[in-house]
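Examining the three-dimensional arrangement
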Amino acid sequence: MEITVDVAGKLFPNIWTLLVQLASTGVLFAVIVKFLWNPGREFIAKKAELTQQELTDARKLKAEAEKDRKEAKLQLSKAGNQAKDIVERGKEEGKIIKEAIIRDGREEADRMLRSAREEISYEEMKMRNNIQKEIVDVAMMATEKLLTGQTDEETNRASIEFMVKEMSGNE
């Protein structure tokens, strides 16, 4: 059995088969171009435009965020400075109040000291008046005894000393 193989037929394809395959490939290519190529290009163009818009929006948002961050940093700095100013003013007001309290305390102490001195002075004057009155009373009693008793000097001296002791004992 002999097998014959048509080598020339196998190496060179059939022209009709080749034409049919090329025609079907051309039809497929035309269908793809008509129904898929242009819509695909439009889809890709729209997607590229959308992506570009999102990128532009992201850049704008980034710029706004950076601006907001700088403003927040500035406000934080201002708030820190204001807080320092408030603390400083509080310290100054505290010092003023402290000085006022000390001054008021000194004035009150001076007023109390003056009042005490005036009271001491008044009591001292009252005591002097009482002593003067007692001296006058003693002198009057001694004079009365001397005048009524008509005694000698030793008896007068003893009487005066007795009266002084008596007056001293009453205090």
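Residues numbered from 1 in each chain as written. Predicted model: local features only at pLDDT ≥ 70, side-chain atom pairs only at ≥ 80, totals over all residues. Heavy atoms only, no water.

Comments concerning the overall build of the protein
Operational definition: We count a stretch as a helix when DSSP gives it H or I for four or more residues in a row; a strand needs E for two or more, and each element gets its number in order from the N terminus. Exposure categories follow from relative accessible area, calculated using a 1.4 Å probe and restricted to protein chains: below 20% of the type maximum is buried, above 50% is exposed, and the middle band is partly exposed. To be clear on the numbers: accessible area is Shrake-Rupley with a 1.4 Å probe, and residue cover counts the displayed protein chains and nothing else.
The secondary structure content of the protein amounts to 3 helices and 0 strands. Out of the 171 residues belonging to the protein, those deemed buried represent 4%. For the protein, the accessible surface area stands at approximately 16,100 Å², while carbon and sulfur atoms represent 61% of it.

Observations regarding the confidence of the model for the protein
Heads up, the rule is: pLDDT is a residue-level measure of predictor confidence that goes from 0 to 100.
Here the protein averages 85 in pLDDT, while 88% of its residues score no lower than 70. Across the protein, element-level confidence peaks in helix α2 (residues 15-149) with a mean pLDDT of 89 and bottoms out in helix α1 (residues 7-11) with 67.

What to know about the pattern of salt bridges
A side chain of one charge can pair with a side chain of the opposite charge if their charged atoms are brought near each other. Our working definition: Any carboxyl oxygen of Asp or Glu that lies within 4 Å of a side-chain nitrogen of Lys or Arg is treated as forming a salt bridge with it.
Applying the stated rule across the entire model yields 3 salt bridges. Between E108 and R111 there is a salt bridge, and its shortest N-O distance comes to 2.2 Å. Of the two residues, E108 and R111 both sit in helix α2, 3 residues apart, roughly one turn of that helix. On the basis of relative accessibility, which here comes to 43%, the residue R111 falls in the partly exposed class. R128 serves as the salt-bridge partner of E124, at 2.8 Å between the closest nitrogen and oxygen.

Looking at the environment of E134
Examined against the element boundaries, E134 turns out to sit in helix α2. Given a relative accessible area of 28%, E134 falls into the partly exposed group. Taking the C-alpha atoms as reference, E134 lies 9.6 Å from V164; in sequence the two are 30 residues apart.

Quick look at a nonpolar patch on the surface
Stated formally: Exposure above 30% relative accessible area and the lack of any salt bridge qualify a residue for a patch; like charges then connect within 9 Å, and the nonpolar side chains Val, Leu, Ile, Met, Phe, Trp and Tyr within 5 Å.
A cluster of nonpolar side chains, contributed by V27, L28, V31, I32, F35 and L36, occupies part of the molecular surface with about 600 Å² of accessible area. Positionally, F35 belongs in helix α2.

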